[in-house]
Amino acid sequence: ATDRMPSTLQPLLLFASLAFAAAFPDGLWTGASYDGIEAAEEAVALHQVEVLKQFANSVEEVKERVQKTAPGWALGIVSAVAGFLDETVQVPAVKAHAAAMSLAQAVSLSDLRPGGRPVRWEHLTVVSGDGTRLRATVAIPQQRGGERASFPVVVMPNSWALCVLEYTLKQQEWAAAGYVVLHYQARGWFNSEGLIEVAGPADVADASAVLDEVGKRAAEWRADAEAIGMVGVSYGGGLALLGAAHDARVKCAASLSGWGNLTRALAGQAAPNQVWFDILMSTSILVGRPDPQIHAMWESLVSAVVDPAANVDPLLAWAEERSPEAFAAKMCGRRLPVLVSNNAQDELFVSDAALMLRQTLHGAGCRVQLLINQGVHAMAELPSLAGIGGLVAHQPVWDETLRFMQAHLRPSKEPPPAGAQQGGGGDPHP
């Protein structure tokens, strides 16, 4: 591949391959294991160690090609990666992950900028109350010499059908700015165990289990377990609000392209959103294990539209316990700060519904900040997550989300270091 691309892009090939090795150390599918490679087209299925061996054997050749045409910083990056690989080929996934993120920050990928605090990465398994094992990664800012600071914590559940890499760039950026940032894959997705339950009670219990893990590791991570926020996009946004509603350890929550009322989202104005249901179900089957009850509830919803006499009580009960609006009193009784951000052209979680959610929460006593952005579902958020934030029109959603966390988790603390900057400009986050 490096023979057919500009040499200035070759370091990004290293980044992408290391990141893949970190995300899927045992292959792409749950339970899969790969011992080697027999053909070039099987590279996507390589075991992490085999990937790193391949890079260790060829990195000198890559360095020579980069040296001819690439700027000095690119050669420095490749040399650093070469040293890392030469040290040991038995590199655990966490080291591959850390190397990839250091590389991304060095080249200012998306919203990342050089500088800030050093970041340590850790991969872990969180065991929920029912024994379900959830995969998680955490980016941990490092203290400076003689410092005794503790760091606020941000917990990020995954979006629908997105893997453990989803928030990696934001984790690196925010950790460099002084936050412990933990991302976990909700039950049923990729290598997390269990079934996809669409933000049901088991998912709420999982969020509390993640907070339990934060409490257990607080001293080791220098985390402030009294300053925890939750942030998520789409499915993760709903999980963030539900987690905050049911666990008072969450001091603020941000839902980006999320929902407030599940029935309204899937069948607004008594019109089932068949296109989006098909998209959601097909992707869940592809990379997860959906609970069969999901399809049964959808059929019940469609039947209720056709037959007004149909019994919809089970459906309404199922949807209500998955709707953050239903727990407004629980959330807002402690005046929880909430950020609601949705996109104007979203046809899954429409912006009108975001206004209704805002009114419900505000009326119940929450302190609510509302953003309505340009774009379709999650498109204001995804470019920065995908590493192309600098290539598209900048939207302020991530800048505002970090400011929101700053205001409610560390209002009296010093601002984050200048190394963590806004994706659209270059000014430090306040």
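Residues numbered from 1 in each chain as written. Predicted model: local features only at pLDDT ≥ 70, side-chain atom pairs only at ≥ 80, totals over all residues. Heavy atoms only, no water.

### Here we look at the environment of Gly129
Put simply, the rule reads: Counting from the N terminus, the helices are the DSSP runs of H or I reaching at least four residues and the strands are the DSSP runs of E reaching at least two. Exposure categories follow from relative accessible area, calculated using a 1.4 Å probe and restricted to protein chains: below 20% of the type maximum is buried, above 50% is exposed, and the middle band is partly exposed.
With respect to the secondary-structure elements, Gly129 resides in the loop between β1 (119-127) and β2 (133-141). The exposure class of Gly129 is exposed, given its relative accessible area of 81%. For the pair Gly129 and Ala205, spaced 76 residues apart in sequence, the C-alpha to C-alpha distance is 7.0 Å.

### Quick look at the packing of aromatic side chains
Formally: Think of it this way: a Phe, Tyr or Trp ring, Trp meaning its six-membered ring, pairs with another when their centres are within 6.5 Å, and the plane angle makes it stacked under 30 degrees, edge-to-face over 60, tilted otherwise.
Under the defined criterion, the tally for this structure stands at seven aromatic pairs. Considering the side-chain rings of Trp189 and Tyr235, the 6.4 Å spacing of their centres and the 70 degrees angle between planes classify their relative orientation as edge-to-face. With Trp189 in the loop between β4 (180-184) and α6 (201-221) and Tyr235 in helix α7 (residues 235-246), this pair connects stretches of sequence that are 46 residues apart. On the basis of relative accessibility, which here comes to 3%, the residue Tyr235 falls in the buried class.

### Section: the nonpolar core
This is how the line gets drawn: What is meant by a nonpolar core is a set of buried Ala, Val, Leu, Ile, Met, Phe, Trp, Tyr and Cys residues, joined one to another through side-chain atoms within 4.5 Å.
Counting residues in each nonpolar core, the largest one holds 72 residues, and the members touching the most others are Val155, Leu182, Tyr184, Trp189, Trp221, Tyr235 and Leu361. Here this core gets eight residues from one element, more than from any other, and that element is α6. One finds Trp174, Val233, Leu371 and Ala380 within the second-largest nonpolar core, a separate group that totals 24 residues.

### Comments concerning a nonpolar patch on the surface
Operational definition: Patches in this entry comprise residues that are over 30% relatively accessible and not in a salt bridge; like charges within 9 Å are linked, as are nonpolar side chains (Val, Leu, Ile, Met, Phe, Trp, Tyr) within 5 Å. For every accessible area listed, the method is Shrake-Rupley and the probe measures 1.4 Å; residues are considered covered only by the protein chains on display. The rule for a salt bridge is simple: a side-chain nitrogen of Lys or Arg has to be within 4 Å of a carboxyl oxygen of Asp or Glu.
A grouping of Ile388, Leu391 and Val392 is seen on the molecular surface, where their side chains present a nonpolar patch of about 280 Å² in accessible area. Here Ile388 is to be found in the loop between α14 (382-385) and α15 (397-409).

### Considerations on empty space enclosed by the protein
Keep this limit in mind: Note on definitions: the grid is 1 Å and covers protein atoms alone; a cavity is a set of points where a 1.4 Å probe fits but cannot get out; a pocket is an open set with protein on both sides within 12 Å along at least five of seven lines; lining residues have an atom within 4 Å of a point. Grid points are joined across faces, edges and corners, and a volume is the space filled by probe spheres set on the points. Under the scheme applied, nonpolar residues are Ala, Val, Leu, Ile, Met, Phe, Trp, Tyr, Cys and Pro; charged residues are Asp, Glu, Lys and Arg; polar residues are all the others, including Gly.
Per the counting criterion, the structure on display carries one cavity of 30 Å³ or more. In this structure, the largest cavity occupies an estimated 90 Å³ of space. Lining the largest cavity we find 14 residues, and of these Trp259, Gly260, Phe349, Val350 and Ala353 sit closest to its centre. Take the lining of the largest cavity: its biggest share by element is three residues, from helix α13 (residues 351-364). Residue composition of the lining of the largest cavity, grouped by class: eight nonpolar, four polar and two charged.

### A word on the packing of helix α10 (residues 293-306) against helix α11 (residues 313-320)
Formally: Helix axes are fitted only over the stretch in contact, all axes being lines through C-alpha atoms; the angle between N-to-C directions runs from 0 to 180 degrees. Orientation is classified from the angle alone, with under 35 degrees giving roughly parallel, over 145 giving roughly antiparallel, 65 to 115 giving roughly perpendicular, and any other angle giving oblique. Handedness of each helix crossing follows the sense of rotation of the near helix against the far helix: counterclockwise by less than a right angle gives left-handed, clockwise gives right-handed. Contacts are assigned to residue pairs that have any heavy atoms within 4.5 Å of one another.
Relative orientation of the contacting elements α10 and α11 amounts to 125 degrees, with a least axis distance of 9 Å. By the criterion of interaxial angle, the relationship of α10 to α11 is oblique. Considering the relative orientation of α10 and α11, their crossing is left-handed. Where α10 approaches α11, its residues Gln293, Met297, Ser300 and Leu301 are matched on the opposing element by Pro314, Leu315 and Trp318. Taken together, the residues of the contact of α10 with α11 sort by class into five nonpolar, two polar and no charged.

### Some thoughts on the pattern of salt bridges
Under the counting rule described, the total for this entry stands at 14 salt bridges. Glu147 is paired through a salt bridge with Arg117; the nearest N and O atoms lie 2.8 Å apart. Separated by 30 residues along the polypeptide, Glu147 in the loop between β2 and β3 (151-157) and Arg117 in the loop between α4 (93-106) and β1 bring together distant segments of the chain. The salt bridge partner of Glu173 is Lys170, with a shortest N-O separation of 2.7 Å. Taken as a pair, Glu173 and Lys170 lie in helix α5 (residues 168-176) at a separation of three residues, close to a single helical turn. Take Glu173: its relative accessible area is 4%, and that puts it in the buried class.

### So, the environment of Glu299
Here Glu299 lies in helix α10. Residues Glu299 and Leu315, spaced 16 residues apart in sequence, show a C-alpha to C-alpha distance of 9.8 Å.

### Digging into unusual backbone geometry
Of note, the phi angle at Val198 is positive, near 55 degrees, even though the residue is not glycine. With respect to the secondary-structure elements, Val198 resides in the loop between β4 and α6. Here Val198 falls in the buried class, since its relative accessible area comes to 11%. One non-glycine residue, Ala199, adopts positive backbone phi at about 60 degrees. Relative to the helices and strands, Ala199 resides in the loop between β4 and α6.

### Focus on the state of the cysteines
Just so we agree on the cut-off: Disulfides are defined as pairs of cysteine sulfur atoms found within 2.5 Å of each other.
This model, assessed by the stated rule, comprises one disulfide. The side chain of Cys332 participates in a disulfide bridge whose partner is Cys366; the two sulfur atoms lie 2.0 Å from each other. Taking the torsion about the S-S bond as the criterion, the Cys332 to Cys366 disulfide, at about -100 degrees, is left-handed. Residue Cys332 is located in helix α12 (residues 328-332), and its partner Cys366 is located in the loop between α13 and β8 (367-373); the two are separated by 34 residues in the primary sequence. Overall, the relative accessible area of 3% leaves Cys332 in the buried class. Residue classification places Cys366 among the buried positions, given a relative accessible area of 4%.

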